[in-house]
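Each chain, letter by letter, is given below.
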Amino acid sequence: MKDLIFLTYSEIKKRLNEGSLSSEELVSAYLERINAVDSKLKAFLELNQEKILKQAKESDDRRKNGKLLSEFDGIPIGIKDNICITGEVTSCSSKILENFVSPYDATVISKLKDKGFVLFPRLNMDEFAMGSSTENSAYQTSKNPFDSDRIPGGSSGGSAAAVAGSMLPISLGSDTGGSIRQPASLCGIWGLKPTYGRVSRYGLVAYASSLDQIGPFSNDMDGISDLLEILSGIDSKDQTTSKVNQFESKSMNEIDWKGKKIGIMKTEDFNFSPDVNARYLEILKTLEGKGAELVPLDFSLLKYAIPVYYLIATAECSSNLSRFDGIRYGLRKETSGKLDDLYSESRSAGFGKEVKRRILLGTFSLSSGYYDAYYGKAQKARVLIRKQYAEFFKTVDVILQPTSPTTAFKVGEKTKDPIQMYQADILTTSVNLAGVPAISCPAGLDQNGLPIGVQLTTSHFDENKLLGFAKSLSKLDICQISLPKEIK
Ligand code: GLN
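Residues numbered from 1 in each chain as written. Predicted model: local features only at pLDDT ≥ 70, side-chain atom pairs only at ≥ 80, totals over all residues. Heavy atoms only, no water.

K.L.:
Describe in detail the site of the ligand, supporting the description with residues and values.
P.N.:
What surrounds the ligand is a group of 15 residues, the closest being T176, G177, S179, Y309 and R358. Y310 is positioned with one of its side-chain polar atoms (N or O) 3.3 Å from an oxygen atom of the ligand. Look at the ligand: alone it shows 300 Å² of surface, and the protein chains cover 99% of it. Counted by class, the shell around the ligand contains 5 nonpolar, 7 polar and 3 charged residues. (Near = heavy atom within 4 Å. Polar contact = N/O pair within 3.5 Å; in protein donor to acceptor, adjacent residues only side chain to side chain. Areas by Shrake-Rupley, 256 points an atom, 1.4 Å probe, with all protein chains shown as cover. Nonpolar A, V, L, I, M, F, W, Y, C, P; charged D, E, K, R; others polar.)

K.L.:
Give a detailed account of the pairing of strand β6 (residues 261–264), specifying residues and quantitative values.
P.N.:
The pairing of β6 with strand β7 (residues 293–296) spans 4 bridges and is parallel. Bridge pairing links I264 to P296 in β7. For the segment spanning β6, helix α8 (residues 274–289) and β7, crossover handedness is right-handed. (Pairing = 2+ DSSP bridges. Helix = DSSP H or I, 4+ residues; strand = E, 2+ residues; numbered from the N terminus. Right-handed = clockwise from strand over helix to strand, strands pointing away.)

K.L.:
Go over the packing of aromatic side chains with me, naming the residues and quoting the values.
P.N.:
One pass over the full model with this rule turns up 17 aromatic pairs. Ring geometry for F128 versus F351: centroids 6.0 Å apart, planes at 65°, classification edge-to-face. Taken together, the residues span a long stretch of sequence, with F128 in the loop between β2 (118–123) and α5 (157–164) and F351 in the loop between α10 (339–350) and α11 (353–366) at a distance of 223 residues. For F351, a relative accessible area of 4% gives the class buried. Grouped by ring-pair contacts, the aromatic residues F100, F128, F324, Y329 and F351 constitute a single cluster. (Phe/Tyr/Trp six-rings, centres within 6.5 Å; stacked < 30°, edge-to-face > 60°. Buried < 20%, exposed > 50% of the residue type's maximum accessible area, 1.4 Å probe, protein only.)

K.L.:
Would you mind going over unusual backbone geometry in detail, with residue names and values included?
P.N.:
Residues P121 and R122 are joined by a peptide bond in cis, for which omega reads -5°. Tracing the backbone shows R122 in strand β2. In this model, G154 is joined to S155 through a cis peptide bond whose omega is 10°. Take S155: it is sitting in the loop between β2 and α5. In this structure, A129 is a non-glycine residue whose phi angle is positive, near 70°. Given a relative accessible area of 5%, A129 falls into the buried group.

K.L.:
Report on empty space enclosed by the protein, specifying residues and quantitative values.
P.N.:
The probe, sized like a water molecule, is rolled over the atoms to show the empty space still left. If you walk through the whole model with that rule in mind, you get 3 cavities of 30 Å³ or more. Quantified by volume, the largest cavity comes out at close to 100 Å³. Taken together, the residues of the lining of the largest cavity sort by class into 5 nonpolar, 9 polar and 2 charged. Approximately 50 Å³ is the volume attributed to the second largest cavity. Here the lining of the second largest cavity takes 4 residues from helix α12 (residues 372–395), the largest share from any one element. (1 Å grid on protein atoms, 1.4 Å probe; cavity = no way out; pocket = protein on both sides within 12 Å on 5 of 7 lines; lining within 4 Å. Points joined across faces, edges and corners; volume = space filled by probe spheres on them.)

Pasting the structure below:
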């Protein structure tokens, strides 16, 4: 029974479908694991065990009666706390939405329900997805399953810790500037940010609408490709979704490295930790040995990605978060009767420090007299970054970089210095600015036994190729990672 939790997503899917495992058995094993280790890992903000078991039993009944909804019926999946599920709290790990119960399902949730997945809400995150460590959650800091003195990354840290801690095989997160890829990298699992427009954002609480995408985490590559196929597609409720080139996981094949052009970066220009640097070079050498052609790319524009991202993301968040005013949603502070006081007191009490900082930054850069100098300029630089990627993909098939400059850092290590925390997003934010898809793949462990991750990027709507490369990479010996059985 105990070992069930260490199965990969594909093994689970196979065993459920051949009838050697019931959803109830599986879900009970995960609940047992969660009860045993989540007091240390703090991935879950809430767990309604009865409701979860009920879904599993319903799935088993459907199977008995020959009424299966799909080949995924009965598979458990974790949900980040910013994705709306009817009748569940969606708090975005914020006090302002502490008691907000969603009246509707996000499109991705309807899709999962239609296929019979067993939903496990709610996974911890940085408040409103602003952060890289989950330390900005108003409720708790999640911990890294490889070392519980360290952070799991963020903002989807709960979603990553749940999978890496073998509390679930797959989960959903959201990625605005790296929030799926960076925690996937720090936790030794796979995490995909799809092309902007691939997956509907309807029912995802908006942080920065022109950058946000929902995407999957998984303990193997097949979980990523299955979920991408299920989640993707045009949606009349999200006008930015596209019907271009629908992704089909069955048509995705491993890619032979021979003759493929891999875009690489000069590591000397970046402040990578020695272990991350060494592993990256080792992987490049291995791929070269397999016949790939390494093409050095000029990433000098990357140095603008951080300021451009933090200007655009904060500008959009200051506008998106203005709806949380104490009147329409969530927390309301009763005041003397003046409307302005109600707004300001509700927002002062409901938002955490980092969210306030970003709302202020965004409001400032959008204000008259500063708009052109900051927000306008950032938009122009964003166009250049997007063009740069288009140029890259004229000459290379895929770009390969580390996902994060370092492995997981200690809880509290970077909280005093937000700029230092922002700088860790150097390799992920430009991908969101360009709108292209990217995946973080496990790449072995560093000397402290902490996971290293590498990021693969292709051009818009080219996930077929992207996941093919990722699958090939997952076969390399130096990329193997076993998830921890004991949580220390
Ligand atoms: N770390 C980045 C930030 O703090 C990215 C967050 C995200 O992708 N949601 O904004």
